[in-house]
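Observations on the model geometry
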Amino acid sequence: MENQSVKKINIAGNIGYVISILLIVCSIAAMVGLGIVLIATAVVSNNEINVKIATNVDISSKGNFINKIIPFVSIDGVDLKNITEEVKDDIKVNDEDISELSIKEQDGGLNIKAKTNEITISMKKITIFLGATFVYLLVVTIALYKIKSLMKSLKTAETPFTPEIIKKMTTFANTLIAVVLARTIHGGFVTLLTSGNKFNLSFDLSSILLVAVIYLLIFVFKYGAELQKESDETV
């Protein structure tokens, strides 16, 4: 029974070893591509791109569904019913995203046209975001190397309760903490890029729980190693 369990651990180690290599290759490839883009954006990091977006949406339905929902809908605080009945020209909208809005009735529904305010895209922010993404991928790659080393040991292990395996599990868990922190900081740069100048940090509880479970497994393995050592000494 013990040999069967060890074989299963060896098989899992082999599978994990192959998967970790594939993930490392993908991660390095992503870093290379991202590095090229990062260099390109760094060259023009002092530039800004101004964008205006116009959209035209037709909303139609069979029956009188549109008329039923009109009294309950408003855009930027403006009653949709008042717009369709009283306003015939384009109206100015006091909104940080939309500058002009036109809503007109048509057969079976509404025609909505909208223009956004000018959106300024800062290349400097994009460069910073790409740099943060590169660092995050680098930390992930290091973690993948650590788990590859662990899987390599499990491939040929006669028992998982060895100081070498426990040490590699601990190293991987420590690296995983760095991954969680890097991911959190990277999320802050995402909000910085998409929400103006706001840098918000949010922690992923599932990742924190995963790290806690791995450390718990390390304690279990340490206890198992002590029991095995006592058993070997007794024999």
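Note that this is a predicted model, so its numbers are computed, not measured.

Quick word on the pattern of salt bridges
Taken as a whole, this structure holds one salt bridge when the rule is applied. We note a salt bridge from Lys168 to Glu164, for which the minimum N-O separation is 3.3 Å. In this pair, Lys168 and Glu164 are both assigned in helix α5 (residues 163-194), four residues apart and thus about one turn of the helix distant. What makes Lys168 partly exposed here is its relative accessible area of 21%.

Points about the packing of aromatic side chains
Each aromatic ring pair is summarised here by two numbers: the centre-to-centre distance and the angle between the ring planes. In this structure the tally under the stated criterion is one aromatic pair. Relative to Phe221, the ring of Phe161 lies with its centre 5.3 Å away and its plane at 50 degrees, an arrangement referred to as tilted. One end of the pair, Phe161, is in the loop between α4 (123-156) and α5; the other, Phe221, is in helix α6 (residues 205-234), and 60 residues separate them in sequence. Between the NZ or CZ atom of Lys155 and the centre of the ring of Tyr17, over which it lies, the distance is 4.2 Å.

A few points about the side chain of Thr175
Its place among the elements puts Thr175 in helix α5. Residue class for Thr175 comes out buried when judged on its relative accessible area of 11%. What Thr175 contacts, discounting residues up to four positions off in sequence, is Val139, Ile142, Ala143 and Lys146.

Considering the side chain of Thr133
Among the structural elements, Thr133 can be located in helix α4. Judged by relative accessible area, which is 15%, Thr133 ranks as buried. Excluding residues that lie within four positions of it along the chain, Thr133 makes contacts with Leu34 and His186.

Things to note about the nonpolar core
If you look at the biggest cluster of nonpolar residues, it comprises 20 residues, and the most contacted ones within it are Leu150, Ile165, Leu176, Ile214 and Ile218. When residues of this core are traced back to their parent elements, those giving at least two are α4, α5 and α6. It is α5 that contributes the most residues to this core, nine residues altogether. Residue contacts for Leu176: discarding those within four places in its chain leaves Leu210, Val211 and Ile214. Judged by nonpolar contacts, the second largest core, of six residues, contains Met31, Leu34, Leu38 and Leu137.

The rules we used
Residues numbered from 1 in each chain as written. Predicted model: local features only at pLDDT ≥ 70, side-chain atom pairs only at ≥ 80, totals over all residues. Heavy atoms only, no water. Salt bridge = Lys/Arg side-chain N within 4 Å of Asp/Glu carboxyl O. Helix = DSSP H or I, 4+ residues; strand = E, 2+ residues; numbered from the N terminus. Buried < 20%, exposed > 50% of the residue type's maximum accessible area, 1.4 Å probe, protein only. Phe/Tyr/Trp six-rings, centres within 6.5 Å; stacked < 30°, edge-to-face > 60°. Lys NZ or Arg CZ within 6 Å of the ring centre and 35° of its normal. Contact = heavy atoms within 4.5 Å. Core = buried A, V, L, I, M, F, W, Y, C linked by side-chain atoms within 4.5 Å.

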